[in-house]
Amino acid sequence: VEQGGDYFWVVKNNQPSLGKAIALLFANPAPWGERFAEAIQEGRHGDRRESRRLLASTALNGYLDWPYVQQVCCVERTVTRKGATRRETAYAITSLSPAKARAPQLLRLWRGHWLIENELHYVRDVTMGEDASQVRTGSAPQVMAALRNLVVGLLHTTGVTNIAAALRHYSYKPKEALALLGL
């Protein structure tokens, strides 16, 4: 942030007091008279209907012990599929002020976060078995993560959309895999 960058982070369970403070604000804003910035996005994919509602606030800026926080966000997601409706609520913090990022842009950033989660982390966790890896000591886990990212990035630059299929293909044809590296 001091060098001109910003952050937008989803609040996970490893920050319980932060999550509780944000949840309390969005659950009961009346005592403060807080009015939230709002953005709504609706979409349909096959038989699934999704609605996302982002609420953003600056009310906790002076309260949270978090560096450079400018806004907190709540995203309510409603998914209806085959007559069954599921609701989820999640929270985020950002160093972006309302002047830099209004609610619609924050919602796009939120969606971008999950795009990364789904495209990279899912591939690393499920396709490459990262969670099952027994490499746990020293710098080896970071090295392995970097190698997995390299493989995913290299395959994406060649136009591959199905990483699992590409890994199977190149495991049977190692010369082609080496050719990707220019070897």
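Residues numbered from 1 in each chain as written. Predicted model: local features only at pLDDT ≥ 70, side-chain atom pairs only at ≥ 80, totals over all residues. Heavy atoms only, no water.

Chemist: Now, about the sheet that holds strand 3 (residues 48-57): what can you tell me, with residues and values included?
Modeler: Sheets are built from strands paired through backbone hydrogen bonds, the pairs being either parallel or antiparallel. One open sheet accounts for five strands, arranged 1-5-4-3-2; its pairing is antiparallel. Looking at strand neighbours, the two that pair on one side only are strand 1 (8-11) and strand 2 (37-45), the edges of this open sheet. In this sheet, neighbouring strand axes are inclined to one another by 25° on average, regardless of whether the strands run parallel or antiparallel. In terms of strand pairing, strand 1 meets strand 5 (residues 84-94) through four bridges, oriented antiparallel. Pairing of Phe8 across the sheet is with Thr94, part of strand 5. (Pairing = 2+ DSSP bridges. Helix = DSSP H or I, 4+ residues; strand = E, 2+ residues; numbered from the N terminus. Axes fitted to C-alpha atoms, helices over the stretch in contact; angles between N-to-C directions.)

Chemist: Residues and numbers for the packing of aromatic side chains, please.
Modeler: Two numbers describe a pair of aromatic rings. These are the distance of the centres and the angle of the planes. Scanning the model with the defined rule gives five aromatic pairs in all. For the pair Tyr7 and Trp9, a centre-to-centre distance of 4.2 Å together with 10° between the ring planes defines the contact as stacked. On the basis of relative accessible area, Tyr7 is assigned to the buried category, the value being 8%. Here Trp9 falls in the partly exposed class, since its relative accessible area comes to 45%. Taking the centre distance of 4.7 Å and the plane angle of 45° together, the rings of Phe26 and Phe36 count as tilted. Taken together, the residues span a long stretch of sequence, with Phe26 in helix 1 (residues 16-27) and Phe36 in the loop between helix 1 and strand 2 at a distance of ten residues. One aromatic cluster is present, formed by Tyr7, Trp9 and Trp66 through successive ring pairs. (Phe/Tyr/Trp six-rings, centres within 6.5 Å; stacked < 30°, edge-to-face > 60°. Buried < 20%, exposed > 50% of the residue type's maximum accessible area, 1.4 Å probe, protein only.)

Chemist: Mind laying out the pattern of salt bridges, listing which residues take part and the relevant values?
Modeler: Under the definition given, this model contains ten salt bridges. A salt bridge links Arg77 to Glu50, with the nearest nitrogen and oxygen atoms 3.0 Å apart. In this pair, Arg77 sits in strand 4 (residues 71-81) while Glu50 sits in strand 3, placing the two residues 27 residues apart along the sequence. Residues joined by salt bridges that share partners form a network here, namely Arg48, Glu50, Arg52, Arg77, Arg86 and Glu88. (Salt bridge = Lys/Arg side-chain N within 4 Å of Asp/Glu carboxyl O.)

Chemist: Explain the pairing of strand 4 to me, using residue names and the numbers behind them.
Modeler: As judged from the ten bridges shared by strand 3 and strand 4, these two strands associate in the antiparallel manner. By the bridge assignment for strand 4, Glu50 is matched with Val79. One ladder, built from eleven bridges, connects strand 4 with strand 5; its direction is antiparallel. Residue pairing in the sheet places Gln71 in a bridge with Thr94 of strand 5.

Chemist: Give me the environment of Ala166: which residues, what numbers.
Modeler: Topologically, Ala166 is positioned in helix 4 (residues 163-172). Put simply, Ala166 and Leu180 are 14 residues apart on the chain and 12 Å apart in space, counted from C-alpha to C-alpha. Every residue in contact with Ala166, bar those within four places of it in the chain, is listed here: Leu155 and Val160. (Contact = heavy atoms within 4.5 Å.)

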